[in-house]
Amino acid sequence: AMSKSAVKISSDLLSNPLCEQEPAFLEMVTAFDTAMKRMDSFNQEKVDCLWLGNGSAGGVMESQNGGFSSVFPSLNMAVKRREQTLQDYKRLQSKVEKYEEKERTGPVLAKLHQ
């Protein structure tokens, strides 16, 4: 769905009157449109491969993730930071739940409000 949206955006940009006025802008938008169409067809091939059973789901996902991490290394780091933060949040949430179940004494209340 995301690549379909990108293709729609690039098509809309091509129909923009600015493309007629600025050849440099038209060249950039045409390159962007071509890239979005190629990305869409690549994604569709991966989906077709997955649905047809030509490979395991894990294999397809690993190749996609490996490809994205080499093109966008900062994206891979952001995903790892998000996963780590989510683990930290779940760990701390379980601590809060544990303290909420305990009797409400001074030390327990102090830890709850940290």
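Residues numbered from 1 in each chain as written. Predicted model: local features only at pLDDT ≥ 70, side-chain atom pairs only at ≥ 80, totals over all residues. Heavy atoms only, no water.

- Identification of the protein as BIN3 protein from Rhagologus leucostigma is taken from an unreviewed UniProt entry.
- Per its UniProt entry, the protein bears the Subcellular location (unreviewed entry) comment "Cytoplasm". (UniProt positions renumbered as here; feature names shortened; annotations may be inferred.)

As for the overall build of the protein
Part 1 of the argument: Within the protein, the secondary structure is distributed over 6 helices and 0 strands.
Part 2 of the argument: Along its sequence from the N terminus, the protein presents helices and strands in the succession α-α-α-α-α-α.
Part 3 of the argument: Considering only residue pairs separated by 6 or more positions, the protein has 28% of its internal contacts joining residues 24 or more positions apart.
Part 4 of the argument: Summed over its atoms, the accessible surface of the protein is roughly 9200 Å², and 60% of this surface lies on carbon and sulfur atoms. (Helix = DSSP H or I, 4+ residues; strand = E, 2+ residues; numbered from the N terminus. Contact = heavy atoms within 4.5 Å. Areas by Shrake-Rupley, 256 points an atom, 1.4 Å probe, with all protein chains shown as cover.)

Concerning the pattern of salt bridges
Part 1 of the argument: The tally for this structure, following the rule as stated, stands at 3 salt bridges.
Part 2 of the argument: Note that Asp88 is salt-bridged to Arg91, the shortest N-O span being 3.8 Å. Within this pair, Asp88 and its partner Arg91 are both found in helix H5 (residues 73–101), separated by 3 residues, close to a single helical turn.
Part 3 of the argument: Looking at Asp88, the relative accessible area reads 29%, which means it is partly exposed. (Salt bridge = Lys/Arg side-chain N within 4 Å of Asp/Glu carboxyl O. Buried < 20%, exposed > 50% of the residue type's maximum accessible area, 1.4 Å probe, protein only.)

With respect to a nonpolar patch on the surface
Part 1 of the argument: Residues Phe72, Leu75 and Val79 make up a contiguous nonpolar surface patch of about 260 Å² in total accessible area.
Part 2 of the argument: Note on placement: Leu75 falls in helix H5.
Part 3 of the argument: Taking relative accessible area as the criterion, Leu75 reaches 44% and is therefore assigned partly exposed. (Patch = residues over 30% accessible without salt bridge, like charges linked within 9 Å, V, L, I, M, F, W, Y side chains within 5 Å.)

Describing the UniProt feature "coiled-coil region" (unreviewed entry) in the protein
Part 1 of the argument: Under the UniProt annotation, "coiled-coil region" (unreviewed entry) lies at residues 75–102.
Part 2 of the argument: Along residues 75–102 the backbone is 96% helical and 0% strand, and the end-to-end C-alpha distance reaches 41 Å.

Comments concerning the side chain of Ser10
Part 1 of the argument: Among the structural elements, Ser10 can be located in helix H1 (residues 2–14).
Part 2 of the argument: Of note is the side chain of Ser10, whose polar atom sits 2.8 Å from the backbone oxygen of Val7.
Part 3 of the argument: Every residue in contact with Ser10, bar those within four places of it in the chain, is listed here: Val29, Phe32, Asp33 and Met36. (Polar contact = N/O pair within 3.5 Å; in protein donor to acceptor, adjacent residues only side chain to side chain.)

Focus on the side chain of Asp40
Part 1 of the argument: With respect to the helices, strands and loops of the structure, Asp40 is situated in helix H3 (residues 23–52).
Part 2 of the argument: Those residues within four positions of Asp40 in sequence are excluded, and the remaining contacts are Ser3, Lys4 and Val7.

A look at the environment of Ser5
Part 1 of the argument: Here Ser5 shows up in helix H1.
Part 2 of the argument: Placed 35 residues apart in sequence, Ser5 and Asp40 show a C-alpha to C-alpha distance of 9.5 Å.

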